[in-house]
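# Geometric and topological summary
Take a look at the letters that make up each chain.
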Amino acid sequence: MTTPSFEHYSATRARELRAVVEDIYRRSYTEAIASGDPFDSPTEFMNRFDAYTDPRRSSGFELVLARVDDKPAGQTWGWPLPANARWWEQLTLDEGDIRDFTLEDGSRTFALSEIMVCAEHTGQGLARALHDELIGSRPEQRATLLVEPDNDRAYAAYLKWGWHRVGSLRPQWENAPKFDVLIYINH
């Protein structure tokens, strides 16, 4: 693989790239889209993207776009969790005090929402490079993400990269599946 280049975007700038974001999603999640699951439809995905980048939300959203040979090849994004973050609603924690675990102040936890790589670039280390580019630049103490328990490939990668399971939850999005909640301690 040609060495990727990375571009960082705020929510406002990410919205300007909406067509690129959707194209990468369609080229990355071909099987999920083909499954017919309403949660994975491009329309529902873009509705979530629009909500994540809504100017009325708290600040801190960051999108990292990867290019290979100057063409979009993957993307990742997330944001710091504010106080009283809805992210933790419906969390079933495996162990520990849920109040302490979910206490947020805007600088404790970064919510990694998406990592996706276009099908023609999978298996070449681009997902890890995107992960490291985004997480490595974050000042928060830890990061969290949601992964479907049966997504063996992604789950194995996250564990290998230093993430660990802390519980499960079903987000408030319509037709959302139940996810495992993983945490990464930022070094």
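Since we're looking at a predicted model, the values are computed, not measured.

Within the protein chain, the secondary structure is distributed over seven helices and eight strands. Here the protein chain has a C-alpha radius of gyration of 16 Å; the compact-globule value for 187 residues is 16 Å, and the two agree. With the C-alpha coordinates of the protein chain rotated into their principal frame, the extents come out at 45 × 35 × 35 Å. Within the span of the protein chain, comprising 187 residues, buried residues form 46% of the whole.

Let us now look at the packing of aromatic side chains. Taken as a whole and assessed by the stated rule, the structure comprises 14 aromatic pairs. Their ring planes at 90° and their centres at 5.9 Å tell us that Tyr52 and Trp173 sit as a pair that is edge-to-face. With Tyr52 in helix 4 (residues 42-52) and Trp173 in the loop between strand 7 (164-169) and strand 8 (179-185), this residue pair connects regions lying 121 residues apart in the sequence. Relative accessible area serves as the criterion here: at 33%, Trp173 is assigned to the partly exposed category. Taken together, Tyr25, Tyr29, Phe45, Phe49, Tyr52, Phe61, Trp77, Trp79, Trp87 and Trp173 form an aromatic cluster joined through their ring pairs. If you follow Arg57 out to its NZ or CZ, it ends over the ring of Trp79, 4.6 Å from the centre.

Another point: the side chain of His131. Take His131: it is sitting in helix 6 (residues 126-135). A distance of 2.9 Å separates polar atoms of two side chains, one belonging to His131 and the other to Trp163. Discounting chain neighbours no more than four positions away, the residues touching His131 are Leu112, Ile115, Gly136, Trp161, Trp163 and Tyr184.

The next point concerns the pattern of salt bridges. Under the defined criterion, the tally for this structure stands at 15 salt bridges. Asp97 is the partner of Arg99 in a salt bridge, and the nearest nitrogen-oxygen pair spans 3.7 Å. Across the salt bridge formed by Glu140 and Arg138, the nearest N and O atoms sit 2.7 Å from each other. It is possible to trace a salt-bridge network through shared partners that takes in Asp23, Arg27 and Glu120.

For Asp70, which is not glycine, the phi dihedral falls at a positive 65°. Position of Asp70 among the secondary structure elements: in the loop between strand 2 (62-68) and strand 3 (71-80). With a phi close to 60°, Asn84 is a non-glycine residue in the positive phi region. With respect to the element layout, Asn84 can be found in the loop between strand 3 and strand 4 (92-93). A relative accessible area of 76% places Asn84 in the exposed class.

In this section: the pairing of strand 6 (residues 142-147). A large share of strand 6 lies buried, amounting to five of its six residues. Sheet topology note: the strand 5 (residues 109-117)/strand 6 ladder contains three bridges and is parallel. Its bridge partner being in strand 6, Phe110 is matched across the sheet by Ala143. Relative to strand 8, strand 6 is paired through six bridges, and the arrangement is antiparallel. Counted as the bridge partner of Leu145 is Leu182 from strand 8.

Rules used in this analysis
- Residues numbered from 1 in each chain as written.
- Predicted model: local features only at pLDDT ≥ 70, side-chain atom pairs only at ≥ 80, totals over all residues.
- Heavy atoms only, no water.
- Helix = DSSP H or I, 4+ residues; strand = E, 2+ residues; numbered from the N terminus.
- Rg over C-alpha atoms; globule rule 2.2 N^0.38 Å.
- Buried < 20%, exposed > 50% of the residue type's maximum accessible area, 1.4 Å probe, protein only.
- Phe/Tyr/Trp six-rings, centres within 6.5 Å; stacked < 30°, edge-to-face > 60°.
- Lys NZ or Arg CZ within 6 Å of the ring centre and 35° of its normal.
- Polar contact = N/O pair within 3.5 Å; in protein donor to acceptor, adjacent residues only side chain to side chain.
- Contact = heavy atoms within 4.5 Å.
- Salt bridge = Lys/Arg side-chain N within 4 Å of Asp/Glu carboxyl O.
- Pairing = 2+ DSSP bridges.

On their own, these measurements won't tell you what the molecule is for.
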